[in-house]
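Remarks on the overall topology
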Amino acid sequence: MSAPSALSPLPAKSYEPDLARIRLEFPILGQKIHGKHLVYLDNAASVQKPRDVIKAVSDCYSHYYANIHRGVHLLSERSTTAYENARETVRAFINAASGQEIIFTRGTTESINLVASSFGGSRFQSGDEILITGMEHHSNIVPWQLLCERTGATLKVAPFTDAGELLLDEYERLLDSGRVKLAAFVHISNALGTINPAKTLIELAHARNIPVLVDGAQAVAHLPVDVQALDCDFYAFSSHKIYGPSGVGVLYGKQALLEAMPPYQGGGDMIRLVTFEKTEYADLPNKFEAGTPNIAGVIGLGAALDWLNSVGLETVAAHEHALLNYATAKLAEIPGLNIMGTARDKAALVAFTLRGAHPHDIGTILDREGIAIRAGHHCAQPVMQRYGVPATARASFAAYNSREEVDYLVDALWKVKELFE
Ligand SMILES: *Cc1c(COP(=O)(O)O)cnc(C)c1O
């Protein structure tokens, strides 16, 4: 028996010439699961990490780890430099105007909670409205519900079509109530794959002086995001969905807004001067980074973005789009398989149900074949309610997935179909 590291990755013929090389950069992909080659298609839940990221985290802990922003010693200086370099990498990646607009958080969830708590806390009152869409992840619903409970504001929900596309007329109508104080929407739906027309939605809101938060958790790894071109007020995403470590996220916010907002949490590193009578807060971005952050994780995120830049986000997006088209066509051939989310502008994930088979059973059977997909409500229960299903199965693609892997998925689903007939 050979050790897992000796296994060759899946063949990658007929694809981008670089795919075999890219796959080799992900140590985890070389293993077998239940005796089968791992086919990892749960990328919308979390993406695997390339060697560069693993090495960056390991190098930090092996060679220069210390707490940041406070030590006078060499290791603290080196950690601080690496941490702040990662901030600059993030800034450039989303084209923010300044590093002061990049706040490191624990993830998309914390980024949205930060805005709901700090931006929301002081500006909302009874009768105000927050507009979201019907296809939000729970993390872009619940923080606003909590804000509504605290302030008496109301949550409004923009509807979408059976294909999974927002109804723009309805969106405008809801914006026109005169009471909307913030609009928040998902850039790419993790449950449907819909790519929302972010620029249009932002323009519609801004035409009415309504600030906008974009949940970019599914978007940043799959399409180029330029926060200045979008003109969004806030943009939130997670490191673990863009090839970086988990436990790290980003909140982009326009400087003037962030400056006007009170701190989200109090503690170390976010202050200039503390006395028992009064505390002066630090400048941006430190004002919003209380306590010791995930130092090595942030550095790993910087390495992840460097890696993605080296492959080229446009190349990855084109590759994933080809996989989506291939998978969609192949899956449509399976009788009783119903794809949920057929928006014209769609990212590389396919959510589906199969007549007679519960999604969890599909997931379990595929796992026996070494294929990892997601089965469940995808933290978007209102989307499931919209279509009247308890759950779906979801295959989602990343830079390293191949056409052969789609074939494995489709073959396995034919077997599932036969089992449940
Ligand atoms: C994953 C995801 C989130 C939450 O991200 P966390 O990393 O769990 O905080 C929010 N929105 C969407 C669309 C997601 O896919």
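Calculation notes
- Residues numbered from 1 in each chain as written.
- Predicted model: local features only at pLDDT ≥ 70, side-chain atom pairs only at ≥ 80, totals over all residues.
- Heavy atoms only, no water.
- Phe/Tyr/Trp six-rings, centres within 6.5 Å; stacked < 30°, edge-to-face > 60°.
- Helix = DSSP H or I, 4+ residues; strand = E, 2+ residues; numbered from the N terminus.
- Buried < 20%, exposed > 50% of the residue type's maximum accessible area, 1.4 Å probe, protein only.
- Lys NZ or Arg CZ within 6 Å of the ring centre and 35° of its normal.
- Pairing = 2+ DSSP bridges.
- Axes fitted to C-alpha atoms, helices over the stretch in contact; angles between N-to-C directions.
- Contact = heavy atoms within 4.5 Å.
- UniProt positions renumbered as here; feature names shortened; annotations may be inferred.
- Domains from an automatic or database assignment.
- Buried area = accessible area lost by both parts, 1.4 Å probe.
- Salt bridge = Lys/Arg side-chain N within 4 Å of Asp/Glu carboxyl O.
- Polar contact = N/O pair within 3.5 Å; in protein donor to acceptor, adjacent residues only side chain to side chain.
- Core = buried A, V, L, I, M, F, W, Y, C linked by side-chain atoms within 4.5 Å.

1. Some points on the packing of aromatic side chains
Throughout the structure, instances matching the rule amount to ten aromatic pairs. Ring plane angle 85° and centroid distance 5.2 Å describe the contact between phenylalanine 26 and tryptophan 307, whose orientation is recorded as edge-to-face. One end of the pair, phenylalanine 26, is in the loop between α1 (19–24) and β1 (32–33); the other, tryptophan 307, is in helix α10 (residues 295–311), with 281 residues separating them in the sequence. As far as burial versus exposure is concerned, phenylalanine 26 and tryptophan 307 are alike and both buried. Clustering of aromatic rings is evident, with ring pairs tying together Phe26, Tyr243, Trp307 and Tyr400. When the ring centre of tyrosine 387 is taken as reference, the NZ or CZ atom of arginine 386 above it lies at 5.2 Å.

2. Let's talk about the sheet that holds strand β17 (residues 392–396)
Strands sit in the order β13-β14-β17-β16 across an open sheet of four strands; the sheet is antiparallel. Whereas interior strands pair on both sides, the edge strands pair on one side only; in this sheet they are β13 (337–340) and β16 (374–376). The sheet shows a mean angle of 30° between the axes of neighbouring strands, direction not considered. This element, helix α11 (residues 313–332), spans β13 and β14 (349–354) of the sheet and lies at about 10° to β14.

3. Describing the UniProt feature "domain: Aminotransferase class V" (unreviewed entry) in the protein
Summarizing the sequence annotation, UniProt attributes the feature "domain: Aminotransferase class V" (unreviewed entry) to residues 39–409 in the numbering used throughout. Secondary structure across residues 39–409 divides into 40% helix and 17% strand, with the first and last C-alpha atoms of the span separated by 8 Å.

4. Focus on the pairing of strand β10 (residues 249–253)
Buried residues dominate β10, accounting for five of its five residues. Residues Gly249, Leu251 and Gly253 point to one face of β10 and Val250 and Tyr252 to the other, with burial holding for every one of them. In the sheet, strand β4 (residues 102–105) pairs with β10 via four bridges, with the strands oriented antiparallel. Across the sheet, the residue bridging to phenylalanine 104 is valine 250, located in β10. Where strand β9 (residues 234–238) meets β10, five bridges bridge the pair, whose relative direction is antiparallel. In the strand pairing of β10, phenylalanine 237 is matched with valine 250.

5. Some thoughts on the environment of phenylalanine 237
With respect to the helices and strands, phenylalanine 237 occurs in strand β9. Excluding residues that lie within four positions of it along the chain, phenylalanine 237 makes contacts with Val90, Ile94, Gly107, Thr108, Gly216, Ala217, Val220, Gly249 and Val250.

6. Quick notes on the domain arrangement of the protein
In terms of domains, the protein is made up of domain 1 (12–43 + 312–420) and domain 2 (54–309). With centres defined by C-alpha atoms, the gap from domain 1 to domain 2 works out at 28 Å. Every contact between the two is made by 35 residues of domain 1 and, on the other side, 31 residues of domain 2. Three residues, Leu313, Cys379 and Arg386, lead the burial of domain 1 against domain 2; their summed loss comes to 22% of the area buried on that side. Taken together, the connections running from domain 1 to domain 2 amount to two salt bridges. One salt bridge connects arginine 344 with glutamate 165, and the closest N-O pair in it is separated by 2.5 Å. On the surface where domain 1 and domain 2 come into contact, there are 19 residue pairs in polar contact (both at pLDDT 80 or more). At the level of elements, α11, β14 and α13 (381–387) are the ones that each hand at least two residues to the side of domain 1 that touches domain 2. In terms of residue count, the dominant contributor to the side of domain 1 that touches domain 2 is α13 (six residues).

7. Description of the nonpolar core
Membership of the largest hydrophobic core comes to 80 residues, with the highest contact counts inside it found for Ile94, Tyr171, Tyr235, Ile242, Tyr243 and Tyr400. Of the residues forming this core, the biggest block, eleven residues, is contributed by α10. Here this core gathers at least three residues from each of two domains, domain 1 (12–43 + 312–420) and domain 2 (54–309). Setting aside residues no more than four positions away along its own chain, tyrosine 171 makes contact with Leu131, Ala158, Ala183, Phe185, Leu201 and Leu204. Core analysis: the second largest hydrophobic core is formed by 28 residues, Leu41, Leu354, Ile373 and Val406 among them.

8. Some details on the sheet that holds strand β5 (residues 129–133)
The strand order across the open sheet built from seven strands is β4-β10-β9-β8-β7-β5-β6, with neighbouring strands paired in mixed fashion. Each edge of the open sheet carries a strand with a single partner, namely β4 and β6 (154–158). Going across the sheet, the axis of each strand differs from the next one's by a mean of 20°, ignoring polarity. Here β5 runs beside strand β7 (residues 180–186); their pairing, made up of three bridges, is parallel.

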